[in-house]
There are 2 protein chains.
Amino acid sequence: MTTISPTRPPLNGVDTPTLFATLDAAKGTPDLAKFQFRATNRWLSGTHNRSTIRGFYGAGQEDTSRTEDFTYDADHPAVLVGTGHGPTPVEFLLHAIAACLTAGIANIAAARGVALHAVSSTVEGDIDLLGILGLSDRVRNGYQGIRVSFQISGDAPPEVLRALVEQSRARSAVYDVLTNGVPVSVEVSSG
Amino acid sequence: MTTISPTRPPLNGVDTPTLFATLDAAKGTPDLAKFQFRATNRWLSGTHNRSTIRGFYGAGQEDTSRTEDFTYDADHPAVLVGTGHGPTPVEFLLHAIAACLTAGIANIAAARGVALHAVSSTVEGDIDLLGILGLSDRVRNGYQGIRVSFQISGDAPPEVLRALVEQSRARSAVYDVLTNGVPVSVEVSSG
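For clarity, every value in this text was computed on a predicted model and none was experimentally measured. (Residues numbered from 1 in each chain as written. Chains lettered and ligands numbered in written order. Predicted model: local features only at pLDDT ≥ 70, side-chain atom pairs only at ≥ 80, totals over all residues. Heavy atoms only, no water.)

S.K.: So what exactly am I meant to see when it comes to the overall build of chain A here?
M.R.: Within chain A, the secondary structure is distributed over four helices and eight strands. Starting at the N terminus and ending at the C terminus, chain A contains elements arranged as α-β-β-β-β-β-α-β-β-α-α-β. Considering chain A as a whole, with its 191 residues, one finds that 52% of them fall into the buried category. For chain A, the share of sequence-separated contacts (at least 6 apart) that also reach a separation of at least 24 residues comes to 50%. If you sum the accessible surface of chain A, you get close to 7900 Å²; carbon and sulfur atoms cover 52% of it. Between the mean site of the 15 positive side-chain charges and the mean site of the 19 negative ones, chain A shows a separation of 4 Å. (Helix = DSSP H or I, 4+ residues; strand = E, 2+ residues; numbered from the N terminus. Buried < 20%, exposed > 50% of the residue type's maximum accessible area, 1.4 Å probe, protein only. Contact = heavy atoms within 4.5 Å. Areas by Shrake-Rupley, 256 points an atom, 1.4 Å probe, with all protein chains shown as cover. Lys, Arg positive; Asp, Glu negative; His and termini not counted. Charge placed at Lys NZ, Arg CZ, Asp CG, Glu CD.)

S.K.: Would you mind showing me how to read the relation of the copies chain B and chain A here?
M.R.: Two chain copies here: they are related by a rotation about an axis and a translation along the same axis. Superposition record for chain B on chain A: RMSD 0.0 Å, screw rotation 180°, translation along axis 0.0 Å. Such values leave the two copies arranged in the relation of a two-fold axis. Ranked by how close their C-alpha atoms come to the rotation axis, the residues of chain B are headed by G181(B), at 2.1 Å. An overlap of 100% is found between the interface residues of chain B and their copies at the interface of chain A, pointing to a shared contact surface. (Least-squares fit on C-alpha atoms with pLDDT ≥ 70 in both.)

S.K.: Even after reading the chapter, I still don't get the interface of chain B and chain A, so can you show me in this structure?
M.R.: For an interface, size is often stated in terms of accessible area lost upon the parts coming together. Tallying the contact residues gives 124 residues for chain B and 124 residues for chain A. Three residues stand out in chain B for area buried against chain A, namely F37(B), W43(B) and R171(B), and they jointly supply 8% of the buried area on that side. Summed over the shared surface of chain B and chain A, the result is eight salt bridges. E91(A) is the partner of R66(B) in a salt bridge, and the nearest nitrogen-oxygen pair spans 2.8 Å. If you look at where chain B meets chain A, you find 56 residue pairs in polar contact (both at pLDDT 80 or more). Take the side of chain B that touches chain A: its biggest share by element is 16 residues, from helix α2 (residues 89-111) of chain B. Taken together, the residues that form the side of chain B that touches chain A break down as 62 nonpolar, 43 polar and 19 charged. (Buried area = accessible area lost by both parts, 1.4 Å probe. Salt bridge = Lys/Arg side-chain N within 4 Å of Asp/Glu carboxyl O. Polar contact = N/O pair within 3.5 Å; in protein donor to acceptor, adjacent residues only side chain to side chain. Nonpolar A, V, L, I, M, F, W, Y, C, P; charged D, E, K, R; others polar.)

S.K.: Help me understand the pattern of salt bridges, please; the structure alone is not making it clear to me.
M.R.: Between side chains of opposite charge, a pair can form as their charged atoms come close. Enumeration according to the criterion identifies 22 salt bridges over all chains in this entry. A salt bridge links R38(A) to E62(A); the nearest nitrogen and oxygen atoms lie 2.8 Å apart. With R38(A) in strand β1 (residues 34-45) and E62(A) in strand β4 (residues 61-62), this pair connects stretches of sequence that are 24 residues apart. Taking the relative accessible area as the measure of exposure, R38(A) reaches 23% and is therefore partly exposed. Salt-bridge contacts for R54(B) lead to D69(B); the nearest nitrogen and oxygen are separated by 3.3 Å. In this pair, R54(B) is assigned in the loop between β2 (48-53) and β3 (56-58) and D69(B) in the loop between β4 (61-62) and β5 (70-74), connecting sequence segments 15 residues apart. Residue class for R54(B) comes out partly exposed when judged on its relative accessible area of 35%. Judged by relative accessible area, which is 42%, D69(B) ranks as partly exposed. Residues participating in the shared-partner salt-bridge network are E124(A), D126(A) and R147(A).

S.K.: Looking at this structure, how should I read the environment of P157(B)?
M.R.: As for its position among the elements, P157(B) is in the loop between β7 (145-154) and α3 (158-170). Placed eleven residues apart in sequence, P157(B) and S168(B) show a C-alpha to C-alpha distance of 17 Å.

S.K.: Would you mind going over the packing of α2(B) against helix α4 (residues 173-180) of chain B with me for this structure?
M.R.: Residues and elements named next belong to chain B. Between α2 and α4, the shortest axis-to-axis distance is 7 Å and the interhelical angle comes to 135°. Taken together, the axes of α2 and α4 are oblique relative to one another. From α2, L93, A96, I97 and C100 reach across to α4, where they touch A173, V174, Y175 and L178. Its residues placed into classes, the contact of α2 with α4 shows eight nonpolar, no polar and no charged. (Axes fitted to C-alpha atoms, helices over the stretch in contact; angles between N-to-C directions. Parallel < 35°, antiparallel > 145°, perpendicular 65-115°, else oblique.)

S.K.: So what exactly am I meant to see when it comes to the packing of aromatic side chains here?
M.R.: A ring pair, where both rings are aromatic, is described by two values, the distance of the centres and the angle of the planes. The full count for this structure, using the stated rule, is ten aromatic pairs over all chains. A centroid spacing of 6.0 Å and a plane angle of 15° characterise the contact between F35(B) and F56(B), whose relative ring orientation is stacked. Pair noted here: F35(B) is in strand β1 (residues 34-45) and F56(B) is in strand β3, with a separation of 21 residues, a long-range link. For the pair shown, F35(B) and F56(B) are each scored as buried. One aromatic cluster is present, formed by Y72(A), F92(A), Y72(B) and F92(B) through successive ring pairs. (Phe/Tyr/Trp six-rings, centres within 6.5 Å; stacked < 30°, edge-to-face > 60°.)

S.K.: Looking at this structure, how should I read unusual backbone geometry?
M.R.: All names here are of chain A. Positive phi is not limited to glycine here, since N12 has a value of about 60°. Structurally, the position occupied by N12 is in the segment before α1 (16-28). Under the relative-accessibility criterion, N12 is labelled buried at 11%.

S.K.: Would you explain helix α2 (residues 89-112) of chain A in this entry?
M.R.: Because the α-helix completes a turn every 3.6 residues, residues three or four places apart line up on one side. The end-to-end C-alpha distance of α2(A), which contains 24 residues, comes to 35 Å, matching closely the 34 Å that a straight helix rising 1.5 Å per residue would cover. Burial of α2(A) is extensive: 22 of the 24 residues sit out of reach of the surface. (Expected span 1.5 Å × (residues − 1).)

S.K.: What's the story with the pairing of β5(B) in this structure? I'm lost.
M.R.: Consecutive side chains of a regular strand alternate in pointing toward one face of the sheet and then the other. Residue and element names in this part refer to chain B. Among the five residues of β5, four are classified as buried, and the element is accordingly described as predominantly covered. Here five bridges tie β2 to β5, and the two strands are oriented antiparallel to one another. By the bridge assignment, R50 is partnered in β5 with D73. (Pairing = 2+ DSSP bridges.)

S.K.: Can you walk me through the environment of R169(A) in this structure?
M.R.: Take R169(A): it is sitting in helix α3 (residues 158-170). When the C-alpha atoms of R169(A) and L101(A) are compared, they prove to be 6.2 Å apart, with 68 residues separating the residues in sequence. Each residue touching R169(A), except ones within four places of it in the same chain, is listed here: L101(A), Y175(A) and V186(B).

Below you can see the structure in the form of C-alpha cells.
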C-alpha cells in the first residue's frame with residue numbers, strides 16, 4: 001500500500017514536491033534510505049591536516065553528482081601550538097550542528113507552507129583543555145556544553161516559527177549524534 | 001610547586017618545547033585551559049547555509065591571531081533534495097574526528113620523540129535516513145556507527161606507532177563528544 005504525501009509548491013528554495021516524492025520513495029523502498037558518508041584525511045605537518053569529502057553511497061547506489069572534491073583544513077591556533085591554517089577540529093562540530101538544524105528548518109518550513117525571511121544562528125562550545133592536556137582526570141576531553149541560539153523570521157507567528165526549530169531539533173542527525181553519542185571504531189595499519 | 005616537563009626538540013612540525021611549556025603553564029594556572037569556541041551560521045536557500053568561524057576565547061583572553069574568517073558551506077546533495085553547494089552537515093563530523101585524531105597523533109609522536117613519515121585516514125559513517133525522514137521510530141536520526149581507519153608510518157616499530165593512535169584516541173576532544181555525547185541547548189528568538 002502506497003501512501004501519497006500531500007503536495008505543496010516549492011518554497012524557501014526547497015523543491016517541496018520532490019521532497020515529498022523522496023519521502024514516498026523511502027516509504028515504499030526502505031533500503032533507499034541507507035546511506036554511507038565518507039571522508040579521507042592526510043596529515044600535513046604538526047596539527048595541520050586536510051580532509052577530502054566527495055563520494056557517498058545512498059538511494060541504492062554510489063553518488064556521482066559531485067564532480068569535485070570538497071577539501072577542508074584543520075589546525076590548532078598559535079596559542080595551542082599550531083599554525084592556524086584552519087579551525088580546530090572541535091569548531092567543525094559547531095558548524096555541523098548549526099548547518100544541520102538550519103537545513104531542517106528550511107525543509108520543515110517548506111513542508112508546512114511557511115515562507116522564511118531569514119534564519120541565522122550562533123553556536124558556542126565550552127571546553128576545559130585540562131582534559132585533553134592530561135592534567136586532570138576529572139575534566140572530560142570534549143565540550144562540556146554547546147549552546148545554539150537561533151534568530152528566525154518568516155510569514156508566521158512566533159510560536160509557529162519556534163515550532164519549526166523544535167521539529168528540526170527532533171529530527172536532526174547531528175543533534176542526535178552530539179547529544180546521544182555514536183559508536184566510533186578506530187583501526188590502525190602501520191608500516 | 002611547579003613541575004617542569006621534559007623537553008625534546010621540535011619534531012613532525014610540532015614545536016615540542018612550546019608544547020611542553022604550554023602544559024606547564026596550564027598546570028600552574030588551570031584557568032588558562034578554559035576555552036570557548038564559536039561559529040555563526042546563516043541560511044542561504046533550501047538546505048544550503050554557511051558558517052563563519054573566527055573568534056574564540058582561551059588562555060585567559062579573546063584570541064586575536066586569526067585575521068580572516070573561515071567560512072564553510074553545507075548543503076544536501078541532489079538525491080536528498082538539495083543543491084550540492086557543500087557537504088552534508090554529517091560529513092563535517094567525519095572531517096572533525098579524522099582531524100582531531102590526526103593532530104593528536106602528531107603532538108604525541110613529537111612528545112615521545114617519534115618521527116612520523118605519513119599519517120592518513122579514511123572515515124565512514126553509516127546512517128539510515130528513515131530516522132530523520134520520520135518514517136521509523138525504531139531508527140535513530142544520526143549515524144549508527146563511525147569507522148576510522150588509520151595508515152601510519154614513521155621511525156618506530158608498529159606497536160609504538162599504534163600506541164600513538166591509541167593515546168590520541170584516549171585524549172581526543174572530538175572522539176569524546178562523538179562517543180559520549182554532550183548537552184546541547186537550542187534557543188530561539190523570532191520576529
